[in-house]
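# Structure assessment
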Amino acid sequence: MSVPKFTTLGCRLNAYETEAMKELSQQAGLEKAVVVNTCAVTAEAVRKARQEIRKLRREHPEAPIIVTGCAAQTEPDTFAAMEEVTRVIGNTEKMQAETWQQIAKGPDFIGTTEKVQVDDIMSVTETAGHLIDGFGTRSRAYVQVQNGCDHRCTFCIIPYGRGNSRSVPAGVVIDQIKRLVDKGYNEVVLTGVDLTSWGADLPAQPRLGDLVMRILKLVPDLPRLRISSIDSIEADENLMQAIATEPRLMPHLHLSLQHGDDLILKRMARRHLRGDAIAFCEEARRLRPEMTFGADIIAGFPTETDAHFENSLKLVTDCDLTWLHVFPYSKRDGTPAAKIPNQVNGNVVKERAARLRAAGDAQIDRHLAEQLGKTHRILMENPHMGRTEQFTEVAFAAPQAEGRIVTAAITGASGSQLTA
């Protein structure tokens, strides 16, 4: 192994940052190392990171192993104590050229600095959104416009891994998107930890909708703009205006809902209630009838009764959600929710998560059935698979040009895919 091997666990933002680390390590001349970019969203994610590190050590017995990402930021001692690990670096340090220059100083850099390089993430005031011009397939690029989170939901460890919210200025974002369009990308996805907080730390405190409108106005050659996960309660007037009037803004939003019961939402320290979520989905669909929604939902939050859970289950149809990300609640030391009495039995949590996933599968089936006979504009991710504007996968028997947007009639459905 002459070039570093990178393994990414977790979210799209982690994947974006892995691409940046690849460039930084290449510029530094790092030739031999294994880099694990970890996730800390659940206790299970941390367990999987440790498991992955042990597996990589068996596969690469001589290579230095560098561990970074949110789990490294929140639990540096856990990974430093692993004999397989050579260096633990924080989320800020991993995006700095000097970190990789230091690591690349010699074929064996053990001992050149202390094993743990993790600073106070809360002191970071800028985000390195300009480091790379996107990644993904040849058709779709992801652009980081925001990092960190100012909210403190009681179940969430992520602010302690990512720090407070900070935004990439609009001009930097627009220049980056222009370069991506010049390179032939047909779709750009705006990504961040708490996307709807974008702009709060910038002069004049613009909102996410302002950024979206500026991108669409100043990059007229961009065919498709997509937004990743948002907090629906923070959707601003211009964002709703863009949903209503801008066909190049894709009719697909992933919502951070987390639960469907008001009491549990309050115990989670969420900023919305059940009625707010339903009202947002109804309004977005009124403005854009073809809008589809994904959502994050947690099963088994402490004190969740059968009645509370039924409200979450009912939210799937009340909001007409299509793409569910279901998280079985897992206790995260260091979060307020971990101290709440009445933690739900693990088997009950699993059973409720399974019921939510089954409800999600039924919603996907319904969505696919509704598309039969319709014509869609499909962005090809590879010669035989593309995605509609609503992010539904479409399989083609005949090869298509990768990266192109093709217009095709939907002829059927198989599994979670349409066929055309």
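Attention here is on the structure that accompanies the text.

Parameters and conventions
Residues numbered from 1 in each chain as written. Predicted model: local features only at pLDDT ≥ 70, side-chain atom pairs only at ≥ 80, totals over all residues. Heavy atoms only, no water. Helix = DSSP H or I, 4+ residues; strand = E, 2+ residues; numbered from the N terminus. Buried < 20%, exposed > 50% of the residue type's maximum accessible area, 1.4 Å probe, protein only. Contact = heavy atoms within 4.5 Å. Expected span 1.5 Å × (residues − 1). Polar contact = N/O pair within 3.5 Å; in protein donor to acceptor, adjacent residues only side chain to side chain. Phe/Tyr/Trp six-rings, centres within 6.5 Å; stacked < 30°, edge-to-face > 60°. Lys NZ or Arg CZ within 6 Å of the ring centre and 35° of its normal. Core = buried A, V, L, I, M, F, W, Y, C linked by side-chain atoms within 4.5 Å. Axes fitted to C-alpha atoms, helices over the stretch in contact; angles between N-to-C directions. Parallel < 35°, antiparallel > 145°, perpendicular 65-115°, else oblique. Left-handed = near helix turned anticlockwise from the far one by under 90°. Nonpolar A, V, L, I, M, F, W, Y, C, P; charged D, E, K, R; others polar. Salt bridge = Lys/Arg side-chain N within 4 Å of Asp/Glu carboxyl O. Pairing = 2+ DSSP bridges. Arc of directions from axis to C-beta.

### Structural notes on the overall build of the protein
Regarding its fold elements, the protein presents 13 helices and 19 strands. With the C-alpha coordinates of the protein rotated into their principal frame, the extents come out at 60 × 55 × 50 Å. The burial tally for the protein puts 56% of its 420 residues in the buried class. For the protein, long-range pairs separated by at least 24 residues make up 74% of all intrachain contacts whose partners lie at least 6 apart in sequence.

### A look at helix H13 (residues 346-371)
Between its first and last C-alpha, H13 extends 38 Å over 26 residues, near the 38 Å set by a 1.5 Å rise per residue. Residues Val349, Arg352, Ala353, Leu356, Gly360, Gln363, Ile364, His367, Leu368 and Gln371 constitute the buried set of H13. Residues of H13 that are buried in the fold lie against strand S12 (292-299), helix H12 (306-318), strand S13 (323-328), strand S14 (375-382), strand S18 (412-414) and strand S19 (417-419). A side-chain oxygen of the first residue of H13 lies 2.8 Å from the backbone nitrogen of asparagine 347; this N-cap is asparagine 345. At the exit of H13 stands glycine 373, carrying a positive phi of roughly 85°.

### With respect to the packing of aromatic side chains
Where two aromatic rings form a pair, the distance of their centres and the angle of their planes describe that pair. A complete count under the given rule lists 3 aromatic pairs for this structure. Taken together, a centroid distance of 6.3 Å and an interplanar angle of 50° make the contact between phenylalanine 6 and tryptophan 100 tilted. Here the residue phenylalanine 6 occupies a position in strand S1 (residues 5-8), and tryptophan 100 occupies one in helix H5 (residues 97-103), the gap between them amounting to 94 residues. For the residue pair phenylalanine 6 and tryptophan 100, the accessibility class agrees, reading buried in each case. Ring geometry for phenylalanine 280 against phenylalanine 293: centres 6.3 Å apart, planes inclined by 55°, an arrangement best described as tilted. Taken as a pair, phenylalanine 280 in helix H11 (residues 274-287) and phenylalanine 293 in strand S12 lie far apart in primary sequence, 13 residues in all. As far as burial versus exposure is concerned, phenylalanine 280 and phenylalanine 293 are alike and both buried. One cation-aromatic arrangement involves arginine 152 over tyrosine 160; the distance from NZ or CZ to the ring centre is 5.7 Å. Cation over ring: arginine 387 sits above phenylalanine 391, and NZ or CZ is 4.1 Å from the ring centre.

### Observations regarding the side chain of arginine 332
Within the fold, arginine 332 resides in the loop between S13 and H13. What makes arginine 332 buried here is its relative accessible area of 5%.

### Considerations on the nonpolar core
Core analysis: the largest hydrophobic core is formed by 54 residues, its most contacted members being Ile177, Leu190, Val212 and Ile215. Element by element, the count of residues in this core is highest for helix H7 (residues 170-182), at 6 residues. In this structure valine 212 touches Leu190, Leu225, Ile227, Leu239, Ala242 and Leu249, once residues within four positions along its chain are discounted.

### Considerations on the packing of H12 against H13
At a minimum axis distance of 9 Å, the contact between H12 and H13 shows a crossing angle of 15°. When the axis of H12 is compared with that of H13, the two are roughly parallel. Crossing hand, H12 versus H13: right-handed. Residue-level inspection shows Asp306, Phe309, Glu310, Ser312, Leu313, Val316 and Thr317 of H12 in contact with H13, the latter providing Arg352, Arg355, Leu356, Ala359 and Gln363. In terms of residue class, the contact of H12 with H13 is made up of 5 nonpolar, 3 polar and 4 charged.

### Regarding the pattern of salt bridges
As enumerated under the stated definition, the model contains 26 salt bridges in all. Between arginine 366 and aspartate 320 there is a salt bridge; the shortest N-O distance is 2.6 Å. On the criterion of sequence distance, the pair formed by arginine 366 in helix H13 and aspartate 320 in the loop between H12 and S13 is long-range, its members being 46 residues apart. When its relative accessible area of 39% is taken as the criterion, arginine 366 is described as partly exposed. By sharing partners, the salt bridges in this structure join Arg140, Glu187, Arg224, Arg226, Glu381, Arg387 and Glu393 into a single network.

### Observations concerning the sheet that holds strand S11 (residues 252-258)
Judged by pairing direction, the sheet is parallel, and its 3 strands sit side by side in the order S11-S12-S13 without closing on themselves. This sheet does not close on itself; its edge strands, each paired only once, are S11 and S13. Ignoring which end each strand starts from, the neighbouring axes of this sheet average 15° apart. Two elements, S12 and S13, share 6 bridges in a ladder whose sense is parallel. By the bridge assignment for S13, alanine 299 is matched with proline 328. Taken strand by strand, H11 contacts S11 and S12, and its axis lies near 165° from that of S12.

### Things to note about helix H2 (residues 43-59)
Over its 17 residues, H2 extends 25 Å from the first C-alpha to the last, a length consistent with the 24 Å expected when each residue adds 1.5 Å. Within the span of H2, buried status applies to Ala45, Val46, Ala49, Glu52, Ile53, Leu56 and Arg57. The buried residues of H2 all sit within an arc of 135° when viewed along its axis, so they share a single face. As for H2, its buried residues are in contact with S1, strand S2 (34-38), strand S3 (65-69), helix H3 (70-74) and helix H4 (76-80).

### Section: the side chain of aspartate 194
Here aspartate 194 shows up in the loop between strand S9 (187-191) and helix H8 (208-218). Within the local environment of aspartate 194, its side chain forms a polar contact with the side chain of histidine 151, the two groups lying 3.4 Å apart. When near neighbours in sequence (up to four residues on either side) are disregarded, aspartate 194 contacts Gln146, Gly148, Cys149, His151, Asp231 and Glu234.

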